[in-house]
Amino acid sequence: MVEMTWLRNEPEWNVRLDALSVDSPKEQWRGLLRLATCRIDFVQTGKLDRAAQRLAKQGFPTPPDLKRVKLALLGSSTLRHLISGIRIAGLRRGFWVEVFEGDYGQYFQELTNTQSALYDFSPNVVCFAFDAEFLHSLSNGKTDATLAHLRTIWKLAKGAFNCTVVQQTALPVFPDLIGSNEHRLLDSPQACLSSLNYALRSAADAEGVDLLAVDKYAALDGMGIWHDAALWHKSKQEVHPVVSHKYGEYVMRIVGAQYGRSSKCLVLDLDNTLWGGEIGDDGLQGIKLGYGSAVGEAYLAFQRYLLRLRDRGVVLTVCSKNDEVNAFQPFDEHPEMLLKRADIACFVANWNDKVSNLRTIAKTLNLGTDAMVFVDDNPFERNLVREHMPEVAVPEMPEDPALYAQILSDAGYFEAIGITQEDRDRVTQYRANREREILKDSVTDISSYLIELRMELSWRPFDETNLKRIVQLINKTNQFNLTARRYSEAEVKAIMANPYALTWSVRLKDRFGDNGIIAVVFGKLNIEKDFELETWLMSCRVLGRQVEDACMNLVAKGAQDIGARRIVGEYRPTSKNSMVRDMYPRFGFKLAETDAEGNLKLVLELKDYNVRKTFIMISEELSHAR
Amino acid sequence: MQDSIIYEKLTSVFHDVFDDKSILVGPNTSASDVEGWDSFNHINLVLAIQESFGVKFTSGELESMESVGDITSLIKKKLA
């Protein structure tokens, strides 16, 4: 199956692409981004890519909200046919990707020679895509020796470019010599590749390298589709061009995850999505759910899959056109219903349009709508959401509920490169939030509420243990984010290594539970003894609880301790962060500078700073080592 | 399949692969007549033709395609 079936089919796709050329550049970009989210094949992917490259070359700047990424694709055979797929998969998720294709087989020279074109390019991501023949010939099938070489080049790349590294697994292209028990023939090339792929998993984990598991995807689609020996002989293309658009999609899912851009919330319809039939008409006994019928079991299996997603940190919400009492009934009373109301972080059942309801859910949970995936069996609702909220991911749902889980898995919206403790704790955190709301309603004034919460704030500088969560927050936080600068893991590590930088990762606990890391702040001391704050962001879950006051106290103290005289803060306006426009002035910062883009620089004389009083207890887990 | 239908389908494949709606495809059209028909795009062209006609060329046939005439006769042979 070479089609990306979760994407919407646009029968007029070619016509629409041709029609774009008469629009204004801004409209053309909008159109191109929309066309990238349709179900397209490798030929269309190539056309779309050429159109985007043409537009960029004509000097029409790419939309400012596209994240620019430089990716180097290094390998041992032809890779050029994979580039357009990578670039278009980038557009599909809001990246403008520049791809560097190494001369094949020259990767080692490129990595070691500081005069090379690769150094000149200076990638953010290096993806090693070696063909199976090459991997096998590296050390005649000896796994340890091959891994040793890979470790060397991973380190070279990271050391040289401060980049993230992606390693493609080996595509099992060799014909079997034995069969099912191929592993018993130790020098069988196919058996060697299997051991290599197995060993690659732990080796990559140990080195902080992310794998591009083409072996898995080829097994899913069929090796005969991913690889064609005739093409290998003719043009040294190991991955078949007809799946190049999928290859690009898989590459960019990993890059998206590295930049914290994967989705985090599922919005679920109820009738014919979580059970068969309509609860309002069919009643509790009439809906199809549970053992005894194939359809009932299919819905059960889908619910089981959703629960597993929830367990690894995907937030589940409900958006249904139903009376609330009917919508609750299966959750509360149906004996076979696996999902319970406590699993749903936000439950919306009413007769409003779904677009407004999606906005309500996003607001309630303090999530961006671009982090949402909307699952609905009704094509009308899907198209309505696509039309009005192009940033929401909306998979095409198959007719058969038995395929629901697979389509979500195929779509890869929740691609992750690691699961943090915060991911696992997210559901309990949302539940604790509801309990806080109840407390808030029971006390009369805000101070007694804050006292009653019994908040404890602990902080430590960035370190390996909290790095993943920090990178996640830096790339996902839109609203309470003073500068909205995005950094990759490698870039954050560089900041950690900078002796003039101070970093804070801040965690908040209260009587209802641990909120996890909820604020990230860092800055650098410059030669004028100004402490410049580059990033200050906070999770909106803890708004209105004096956390920013407590953080400001920490920053002022930290800056003073390293000898700063002033703190320089920045506010860089985006479409989403107006809520923090006045934060620095509130702390006594004075406006010093406004540039053409409306970015503000504000300055605080440390001697004038009044320590803020809060109801938060502060503890320091690890101090700034000096 | 009639020659005229084959040429019609081929024309549309050429337009897609080379992004040029002015290409006129005839039996003598070869790489030198079409801008962008290099060895890289040759593979894309062949694959798009395979998809469009539902045929598969062997490695030997991949070598022997020099002109649209060659391609047409191969398609006819495959579809016969």
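Remember, predicted model here, so these are calculated numbers, not experimental data. (Residues numbered from 1 in each chain as written. Chains lettered and ligands numbered in written order. Predicted model: local features only at pLDDT ≥ 70, side-chain atom pairs only at ≥ 80, totals over all residues. Heavy atoms only, no water.)

Helices and strands together make up the secondary structure of chain B, namely 4 helices and 0 strands. When the elements of chain B are put in sequence order from the N terminus, they spell out α-α-α-α. Taken over the C-alpha trace, chain B has a radius of gyration of 11 Å; the compact-globule value for 80 residues is 12 Å, and the two agree within 12%. Residues counted as buried form 49% of the 80 residues belonging to chain B. Restricting the contact set of chain B to residue pairs at least 6 apart, pairs at least 24 apart contribute 47%. Summing over all exposed atoms, chain B offers an accessible surface of approximately 4,100 Å²; the carbon and sulfur share of this is 50%. (Helix = DSSP H or I, 4+ residues; strand = E, 2+ residues; numbered from the N terminus. Rg over C-alpha atoms; globule rule 2.2 N^0.38 Å. Buried < 20%, exposed > 50% of the residue type's maximum accessible area, 1.4 Å probe, protein only. Contact = heavy atoms within 4.5 Å. Areas by Shrake-Rupley, 256 points an atom, 1.4 Å probe, with all protein chains shown as cover.)

The next subject is the overall build of chain A. Check the secondary structure of chain A and you find 25 helices and 17 strands. Its C-alpha radius of gyration of 26 Å places chain A within 12% of the 25 Å reference for a compact globule of 626 residues. The dimensions of chain A, computed from C-alpha atoms along their principal axes, are 75 × 70 × 60 Å. In chain A, which comprises 626 residues, the proportion classed as buried is 57%. Accessible surface, chain A as shown: approximately 27,000 Å² in total, 50% of it carbon and sulfur.

On to the interface of chain A and chain B, then. Every contact between the two is made by 18 residues of chain A and, on the other side, 16 residues of chain B. Here chain A and chain B share an interface that buries about 1,500 Å² over both sides, 59% of which is from carbon and sulfur atoms. Counting the surface chain A buries against chain B, the share from its top three residues, A:Phe42, A:Arg80 and A:Lys234, is 31%. At the junction of chain A with chain B, the criterion picks out 6 salt bridges. (Buried area = accessible area lost by both parts, 1.4 Å probe. Salt bridge = Lys/Arg side-chain N within 4 Å of Asp/Glu carboxyl O.)

What follows is about the side chain of A:Ser320. All names here are of chain A. For Ser 320, the location among the structural elements is in strand β7 (residues 315-321). With a relative accessible area of 1%, Ser 320 lands in the buried category. At 2.9 Å, the side chain of Ser 320 forms a polar contact with the side chain of Asn 322. With near-sequence residues (within four places) excluded, Ser 320 lies in contact with Asp 269, Leu 270, Val 348, Ala 349, Asn 350 and Lys 354. (Polar contact = N/O pair within 3.5 Å; in protein donor to acceptor, adjacent residues only side chain to side chain.)

This structure, assessed with the given rule, holds 25 aromatic pairs over all chains. Taking 5.3 Å as the distance between ring centres and 75 degrees as the angle between the ring planes, the aromatic pair formed by A:Phe302 and A:Tyr404 counts as edge-to-face. Placement of the pair is A:Phe302 in helix α15 (residues 294-311) and A:Tyr404 in helix α19 (residues 404-411), with a sequence separation of 102 residues. Comparing A:Phe302 with A:Tyr404 shows no difference in burial state: the two are buried. Measuring from ring centre to ring centre gives 6.2 Å for B:Phe18 and B:Trp37, while their planes differ by 40 degrees; the resulting arrangement is tilted. Of this pair, B:Phe18 sits in helix α1 (residues 3-18) while B:Trp37 sits in the loop between α1 and α2 (39-53), placing them 19 residues apart in sequence. Across the pair, B:Trp37 and B:Phe18 agree in class, each one buried. (Phe/Tyr/Trp six-rings, centres within 6.5 Å; stacked < 30°, edge-to-face > 60°.)

This part covers empty space enclosed by the protein. Residue and element names in this part refer to chain A. Counted according to the given criterion, the structure contains 5 cavities of 30 Å³ or more. By volume, the largest cavity amounts to about 280 Å³. Around the largest cavity, the lining comprises 24 residues; the ones closest to its centre are Ala 257, Ala 416, Gly 418, Gln 472 and Lys 476. Secondary structure elements with two or more residues in the lining of the largest cavity: α13 (244-258), α20 (421-442) and α22 (467-476). The element best represented in the lining of the largest cavity is α22, accounting for 4 residues. (1 Å grid on protein atoms, 1.4 Å probe; cavity = no way out; pocket = protein on both sides within 12 Å on 5 of 7 lines; lining within 4 Å. Points joined across faces, edges and corners; volume = space filled by probe spheres on them.)

Attention now goes to the nonpolar core. All names here are of chain A. Of all hydrophobic cores here, the largest spans 91 residues; its most connected members are Leu 71, Leu 73, Phe 128, Trp 154, Trp 226 and Tyr 247. Beyond its immediate chain neighbours, meaning those up to four positions away, Phe 128 contacts Leu 74, Tyr 107, Leu 111, Ile 153, Trp 154, Ala 157, Val 165, Val 166, Gln 167 and Gln 168. With 46 residues, the next largest nonpolar core counts Leu 453, Trp 504, Val 506 and Ile 518 among its residues. (Core = buried A, V, L, I, M, F, W, Y, C linked by side-chain atoms within 4.5 Å.)

Here we come to the pairing of strand β1 (residues 67-75) of chain A. In regular strands, side chains alternate between the two faces of the sheet. Residue and element names in this part refer to chain A. Burial analysis of β1 places 7 of its 9 residues in the buried class, which makes it a mostly covered element. As paired strands, β1 and strand β2 (residues 95-101) are joined by 7 bridges and run parallel to one another. The residue of β2 that forms the bridge with Lys 70 is Glu 98. Between the parallel elements β1 and β2, the chain passes through helix α4 (residues 83-92) in a crossover that is right-handed. Pairing analysis gives 5 bridges linking β1 to strand β3 (residues 125-129), with the strands arranged parallel. Each bridged residue has a counterpart across the sheet, and for Gly 75 the counterpart in β3 is Ala 129. (Pairing = 2+ DSSP bridges. Right-handed = clockwise from strand over helix to strand, strands pointing away.)

Residue and element names in this part refer to chain A. Pairing is parallel across the open sheet formed by 5 strands, whose spatial order is β2-β1-β3-β4-β5. With partners counted over all chains shown, the strands left at the sheet margins are β2 and β5 (210-212), one partner each. Across the sheet, the mean angle separating the axes of adjacent strands is 25 degrees when strand polarity is ignored. (Axes fitted to C-alpha atoms, helices over the stretch in contact; angles between N-to-C directions.)

All names here are of chain A. Strands sit in the order β8-β7-β6-β9 across an open sheet of 4 strands; the sheet is parallel. The two strands at the open ends of the sheet, each matched to only one other strand, are β8 (346-350) and β9 (372-375). If you compare each strand with its neighbour and ignore which way they point, the axes differ by 15 degrees on average. Set on the sheet, helix α17 (residues 354-365) makes contact with β6 (265-268), β7, β8 and β9; between it and β7 the angle comes to about 150 degrees.

Time to look at the side chain of A:Ser139. Residues and elements named next belong to chain A. Residue position: Ser 139 is located in the loop between α7 (132-138) and α8 (143-161). In this structure the side chain of Ser 139 is engaged in a polar contact, spanning 2.7 Å, whose partner is the side chain of Thr 146. Among residues more than four places away in sequence, those in contact with Ser 139 are Ala 145 and Thr 146.

So, about the environment of A:Lys47. Among the structural elements, A:Lys47 can be located in helix α3 (residues 42-57). For A:Lys47 and A:Lys288, which are 241 residues apart along the polypeptide, the C-alpha to C-alpha distance reads 45 Å. Filtering out sequence-adjacent residues up to four positions away, A:Lys47 remains in contact with A:Asn14, A:Leu17, B:Asp16 and B:Asp19. Within polar-contact distance, the side chain of A:Lys47 engages the side chain of B:Asp16 at 2.7 Å.

Let's shift gears to the pairing of strand β16 (residues 600-605) of chain A. Residue and element names in this part refer to chain A. Where strand β14 (residues 566-571) and β16 come together, 6 bridges link them in antiparallel fashion. When the sheet's bridge partners are listed, Glu 570 is paired in β16 with Lys 601. With 4 bridges connecting them, strand β15 (residues 590-594) and β16 associate as antiparallel partners. When the bridges of β16 are listed, Thr 594 appears paired with Leu 600. Between the antiparallel neighbours β15 and β16 lie 5 residues, among them Gly 598 with a positive phi of about 85 degrees.

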